[in-house]
Amino acid sequence: MLLIPCPWCGPRAQTEFHYGGDASLRRPALSTARTPADPALVDYVYLRDNPKGLHQEHWQHAAGCGQWLVVARDTRSHAILGSAPPGGDPLSPPGTDDPAA
Amino acid sequence: MTDTPLRLPTGGLIDRSAPVRMTVDGLPVEGFAGDTLASALLAAGIKLTGRSFKYHRPRGTLSAGPEEPNSLFTIGTGDRATPNVRATLVEAADGLVAESQNAWPSLALDVQGLLTAPAGRFLSAGFYYKTFMGGPGWRVWEPLIRRAAGLGPPPQAPDPDAYDHRYDHCDLLVVGGGAAGLAAALSAAETGARVILCDERAQLGGRLLAEGDLAIDGRPAHRWTAEAAALLDRADTVTVLPRTTAFGFYDDRLVGLLERVADHDPAPPPHRPRLRLRLVRTGALVLATGAIEQPVVFPGNDRPGVMLAGAVRTYLHQYAVLGGRRAVIVAGCDDAYRTAVSLADAGAAVAAVVDPRGRPNPAVAGPLADRDIPLFAGWQVRRTIGGQAVRAVEIGRGDAAEAVDDGPGRRRIACDLVALSAGWAPAIHLTSHLGVKPRWDAGLGTFVAGDQPPWLQLAGTAAGRCRLADALAGGREAARLALEGAGRDMAIGWLPPRTAGPAVDPRQPLVSPLPVPLRGKAFVDFQNDVTVGDIGQAAREGYESVEHLKRYTTLGMGTDQGKTANPIGLTLLGAQLGKDPAATGITTFRPPYTPVEVGALAGRTAGAHFRPERWSPIHPWHAAAGAVMTDAGLWKRPWYYPHDGDDLAAASHREVRAVRTGVGLCDVTTLGKIDIQGPDAAELLNRLYINGWSALPVGRARYGVMLREDGLVWDDGTTTRLGDQHYLMTTTTAHAVPVMSWLDYACQVLWPELQVHVTSVTESWAAIAVAGPKSRRLLARVVDGLDLSTRAFPFMAAGVCRVAGVPARLFRISFSGELAYEVAVPSTEGLRVWEALMAAGAADGAVAYGLEALAIMRIEKGHVAGPELNGRTTADDLGLGRLMSGKKDFVGRWLAGRAAFTDPGRPKLVGLTPVDGRTPIPAGAHLVDDPRAPPPIPSLGPVTSVCTSPTLGHPIALGFLERGRDRMGHRLHAHDPLRGRTVAVEIVSPHFYDPAGERMRV
């Protein structure tokens, strides 16, 4: 059971979190000028990398503060290398993504 | 007083002042406090303690610890019976009841043993697969085979015992309370670190309790052990957990411990849990888990009376029980010589020490000569002789080939005990639970732990260090290094005490040479009846990987997971393939280390606590009214309210008629409610819903539909504009939590630039639907501050008011299709307001209606719900395509436009009525042209929701039909081959009742 560092609550057990998928994806902008089956949207919805090693992923502290966060995890060892609020860099030194700052 | 012929009159660590009386297979067995079931049976001279899994061969206790493959008993009676318990770990206790397993009618006279024994030679590796895959097939044979070859049966009734979970946190967890573990705990305790020390046995000490030749500070080692345990007990920062097994090692330094809180007590007090699962997050970890002695392989090595040499010493020194009166020692390593010395000094005859290695170590052979014990160096055991207990061994001189030849180099030696040892394999199981493979150490001749993080250290025999002084010094160093690895760099003041003991060289070949070819069965895995022959056969048939070998032969499976089988079995495979053990490798150790009861994993989350129940604040009224409840996710919702014992159909039809002609109340608290506020609230709704929100005036509600990113419909509900920048969204009961999570995701991850806050208020509000032509009349009696006339408060209006004096929100929305309102009040007032509404409606015959009536009315209206919002339907499939705005982008818009989703041939929502006007349409049926066509009959679409309409007086249904809107008035068949039912149906509009929607707008 992982110990996930919530940027707001500190290290908490994995059972308090929901997994939310690949955090490196960027949703294509809303637009009224797309076509059905727009390749950018198809990629965003369906295509995922399965990296061996570093993976940035979203988790929600669902049974805690309810906030979403970005977690950097090594898929080989499950080692968690850092976390940050959404849009932040989980690999930056602690403090630089301090939500209170 | 029963006979205990093998109990010594003095000695041991048992409490002779506390005799205990147990019942084993209906017969009394006596022992003392401090005994195990295995030691008490041995003291009584009972050596036949089990029957093997496959061949039903007689088996006796092999070991004195958790590795025991043979002596498995069912402990306890009735609902408390626990099968497959290792007798070597069962603490003797007054009143304990044990039954042997896998034998009928009794252990000594096992009919299945007689039946399978002659066939035994056919049951080689892969036998079951090869033989039973043909003919009637595995599905027929498997239950029969399982019945013949089985472990103990589980009790059938619910488990009456309680089980606990708890979480622990510490700086250092020490697993194993032997010499090395005690040294590690003492060292760390002195630094002020929070320490947990666990040991699977009742008493700390490990081998210090089991050996007779170890001294610490000039006294027997077990004395020092007691003092060390007392010292740790007094230390504030140390928690000592006896009877506690570390069974698994998990991510981020989590270790699973199983604490046997009350298992040693046949009648535990009711407040005490039987087992406690502890999940320990630790900073550092020292594994002082010891080593597991491995048997020597020769024909008949499974006969009762054959025991591990170290176990013989344990029974002698800890329990004062002689393994036998006349022993033969089979020494595949120097350590086994200690057993010869110990037995001789305790007064037993040692008929021979047989050392197949040929060149004895003078340091350990010397004491044999002093005691006139004959040493047969370079001899092999050819076979054991005896029935249900060993009577003699036959030995032969020379290397493997010579040893099986007849000739002068053969000798038969009478004995009632064969003590064997091929060396000790470090218990490194926990180190590989996270995927780190063990490493072959050629110097030690065994597998040792692979690379570990600095905060995990091994000590003592687990680290391949067998001498007492090394264990104590190693425990101290392991504690220091592990704490340092966890960032606690401290000087350790504790110094190991002086020790004395035999200078046994731990470097031994793990497996002794074997006589080949073999006559008779030489067992590698006792629990699964895997022989040397099976392993050779598997290798010849191409099962060369250790993982394939395991699955083909069952080597290393079962309750013991091959603790006394894997090292030798895999070495044999390597020998067969001409590979060294490093190249052969070892199968993966996975949690749990030893069996963990399912009850312990479940803890308190059993029965009513298996999952939480959510009750609406009005629940007490429903219960008092005798409502039959149903599950909606975690919620308990009234299904129907029976009167005078009427059934579901009668009650729900009565409720529907009451709503359609009068007025009814329904508890709709369970719908998800999300409060949305901020300047961009409408923009968020525009992005999430397919329809537009900017033009919705304050004080009005609107029905909204949400798609998934892939364009399929996800959820629906009404959203109300409460203020300029304030909306209240409702979701379906089922999707309340995921929709809230999705809104959080949208606001925090997708579009953080939106100025909007979303908050779940599902539990803050109780919601009551008041539906029926008399609903306005009812509300007029209790509502203050709102004009309820249609002119002032039309369909889809919303406002604030007081209901029965309570501040409330009132919504004029309708799911039933009648004039209807929804009253929302703070949860704490829900019950009071419900009662006030019921009282206000008494004059009009107001009823409470449940989910069934709600469902019937929505089918009559053609409203879609869960069976239609099934994750496979588009908005247009549901008849909601006209809601999709073309003026904005929203989640799912573009992918919903893909060719397959816009194909005009897709099944569309339709209504169905039976052609004969009376036959119910089966739910789950498929619409087909010709039910008599040869299968597979093409399906034109599924039937999703069915009911008998009390309003229309005949059955109706909703379903999806290919080009359904073009087939109005057509006739098809609802075909249900699963239940053998076919109903001729007519295709009609899904809006059966008041299709113009006039009744809800009055």
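This one's a predicted model, so the numbers in the text were calculated from it and none came from an experiment.

Now for the overall build of chain B. Scanning chain B from N- to C-terminus turns up 24 helices and 51 strands. Counting all 1002 residues of chain B, 57% fall into the buried class. When contacts within chain B are restricted to residue pairs at least 6 apart in sequence, those whose partners lie at least 24 apart make up 67%. Computed over 105 positive and 103 negative side-chain charges, the inter-centroid distance for chain B is 3 Å.

We now examine the interface of chain B and chain A. Contact with chain B, which involves 28 residues of that partner, is made by 28 residues of chain A. When the two sides are added together, the surface that chain B and chain A hide from each other amounts to roughly 2400 Å², 57% of it contributed by carbon and sulfur. At the junction of chain B with chain A, the criterion picks out 1 salt bridge. Between R27(A) and E709(B) there is a salt bridge whose closest N-O contact spans 2.7 Å. At the boundary of chain B and chain A, one finds 12 residue pairs in polar contact (both at pLDDT 80 or more).

Residue and element names in this part refer to chain B. A sheet is described by the order of its strands in space; here 5 strands give the open sequence 2-1-7-5-6, paired in mixed fashion. Each of the sheet's edge strands pairs with one partner strand only, and the pair in question is strand 2 (27–33) and strand 6 (82–86). Averaged over all neighbouring strand pairs, the angle between strand axes comes to 40°, with direction disregarded. As defined by bridge partners, strand 1 (residues 15–24) adjoins strand 2 across 7 bridges and the pair is classed as antiparallel. Looking across to strand 2, one finds that R21 is bridged to E30.

Moving on, we come to the sheet that holds strand 42 (residues 798–803) of chain B. Residues and elements named next belong to chain B. Taking strand neighbours across the sheet as the criterion, the 7 strands line up as 41-42-43-44-40-34-45 in an open arrangement whose pairing is mixed. Looking at which strands have only one partner, the edges of the open sheet turn out to be strand 41 (783–784) and strand 45 (847–848). With 4 bridges joining them, strand 34 (residues 664–667) and strand 40 (residues 765–771) adopt antiparallel strand pairing. For D667, the partnering residue across the bridge sits in strand 40 and is I768. Relative to strand 40, helix 22 (residues 830–841) is tilted by about 15°, and along the sheet it contacts strand 34, strand 40, strand 42, strand 43 (806–811), strand 44 (820–826) and strand 45.

It is worth spelling out the packing of aromatic side chains at this point. One pass over the structure, following the stated rule, counts 15 aromatic pairs over all chains. When the ring of W742(B) is compared with that of Y745(B), the centres are 6.2 Å apart and the planes differ by 20°; the resulting orientation is stacked. Of this pair, W742(B) and Y745(B) both sit in helix 20 (residues 736–750), 3 residues apart, roughly one helical turn. Its relative accessible area of 14% is what places W742(B) among the buried residues. Through successive ring pairs, a cluster of aromatic residues spans F17(A), Y19(A) and W59(A). Between R687(B) and the ring centre of W751(B), over which it is positioned, the NZ or CZ distance is 5.1 Å. Lying over the aromatic face of W693(B), R702(B) brings its terminal NZ or CZ to 5.9 Å of the ring centre.

All names here are of chain B. Where helix 5 (residues 179–190) contacts helix 11 (residues 468–485), the two axes come as close as 7 Å, and the packing angle between them is 40°. As far as their axial angle goes, helix 11 and helix 5 are oblique. The way helix 5 lies across helix 11 gives a crossing that is right-handed. Contact with helix 5, carried on its side by A179, A180, A183, A184, S187 and A188, involves L468, A471, L472, G475, R476, A479 and L483 of helix 11 and no other residues of that element.

Further remarks concern the pairing of strand 1 of chain B. Regular strands place side chains that alternate from one sheet face to the opposite one. Residues and elements named next belong to chain B. Hairpin remark: strand 1 followed by strand 2, antiparallel, with 2 residues in the connecting loop; positive phi at D25, about 50°. Bridging between strand 1 and strand 7 (residues 97–100) involves 2 bridges; their strand directions are parallel. Within strand 7, the residue paired with T23 across the bridge is V97.

Our next topic: the nonpolar core. Residues and elements named next belong to chain B. Residues L172, L173, L208, W224 and L232 are the most contacted members of the largest nonpolar core, which totals 77 residues. Sort the elements by how many residues they give to this core and helix 5 lands first, with 9 residues. Among all residues touching L173, those that are not within four sequence positions of it are I196, V255, L257, V280, T282, A284, L285 and V286. Counting residues in each nonpolar core, the second largest holds 73 residues, with L96, A331, V350 and L368 among its members.

Residue and element names in this part refer to chain B. Per-residue confidence for chain B gives a mean pLDDT of 92; residues scoring 70 or more make up 93%. Confidence over residues 118–122 falls short of pLDDT 50; this stretch has 4 contacts with residues more than four positions distant or in other chains. Note that residues 509–513 has pLDDT below 50 and, in this model, 20 contacts with residues that lie over four places away or in other chains. Scoring of the predicted complex yields 0.90 for pTM and 0.95 for ipTM.

Residues and elements named next belong to chain B. With 12 residues, helix 22 should reach 16 Å at 1.5 Å per residue; the first-to-last C-alpha distance of 16 Å fits that figure. Within helix 22, the full set of buried residues consists of G830, V833, W834, L837, M838, A840 and G841. Buried residues along helix 22 cover an arc of 165° about the axis, so they all sit on one side.

All names here are of chain B. Between its first and last C-alpha, helix 14 (residues 566–577) extends 16 Å over 12 residues, near the 16 Å set by a 1.5 Å rise per residue. Of the positions making up helix 14, those classed as buried are N566, P567, I568, G569, L570, L572, L573 and G574. Of the surrounding secondary structure, the elements contacted by the buried residues of helix 14 are strand 25 (424–426), strand 30 (523–525), helix 12 (532–540), helix 13 (546–553) and helix 15 (581–584). Note on helix 14: the residue one or two positions beyond its end, G578, has a positive phi of about 70°.

We now examine the environment of V825(B). Residue and element names in this part refer to chain B. Topologically, V825 is positioned in strand 44. Overall, V825 belongs to the buried group, its relative accessible area being 0%. Each C-alpha atom of the pair V825 and A462 lies 65 Å from the other, and the pair is 363 residues apart in sequence. Once residues lying within four places of it in the same chain are set aside, the contact partners of V825 are S764, W765, A766, V806, P807, A808, G830 and V833.

Reading guide: rules and limits
- Residues numbered from 1 in each chain as written.
- Chains lettered and ligands numbered in written order.
- Predicted model: local features only at pLDDT ≥ 70, side-chain atom pairs only at ≥ 80, totals over all residues.
- Heavy atoms only, no water.
- Helix = DSSP H or I, 4+ residues; strand = E, 2+ residues; numbered from the N terminus.
- Buried < 20%, exposed > 50% of the residue type's maximum accessible area, 1.4 Å probe, protein only.
- Contact = heavy atoms within 4.5 Å.
- Lys, Arg positive; Asp, Glu negative; His and termini not counted.
- Charge placed at Lys NZ, Arg CZ, Asp CG, Glu CD.
- Buried area = accessible area lost by both parts, 1.4 Å probe.
- Salt bridge = Lys/Arg side-chain N within 4 Å of Asp/Glu carboxyl O.
- Polar contact = N/O pair within 3.5 Å; in protein donor to acceptor, adjacent residues only side chain to side chain.
- Pairing = 2+ DSSP bridges.
- Axes fitted to C-alpha atoms, helices over the stretch in contact; angles between N-to-C directions.
- Phe/Tyr/Trp six-rings, centres within 6.5 Å; stacked < 30°, edge-to-face > 60°.
- Lys NZ or Arg CZ within 6 Å of the ring centre and 35° of its normal.
- Parallel < 35°, antiparallel > 145°, perpendicular 65-115°, else oblique.
- Left-handed = near helix turned anticlockwise from the far one by under 90°.
- Core = buried A, V, L, I, M, F, W, Y, C linked by side-chain atoms within 4.5 Å.
- pLDDT = per-residue confidence, 0-100.
- Expected span 1.5 Å × (residues − 1).
- Arc of directions from axis to C-beta.

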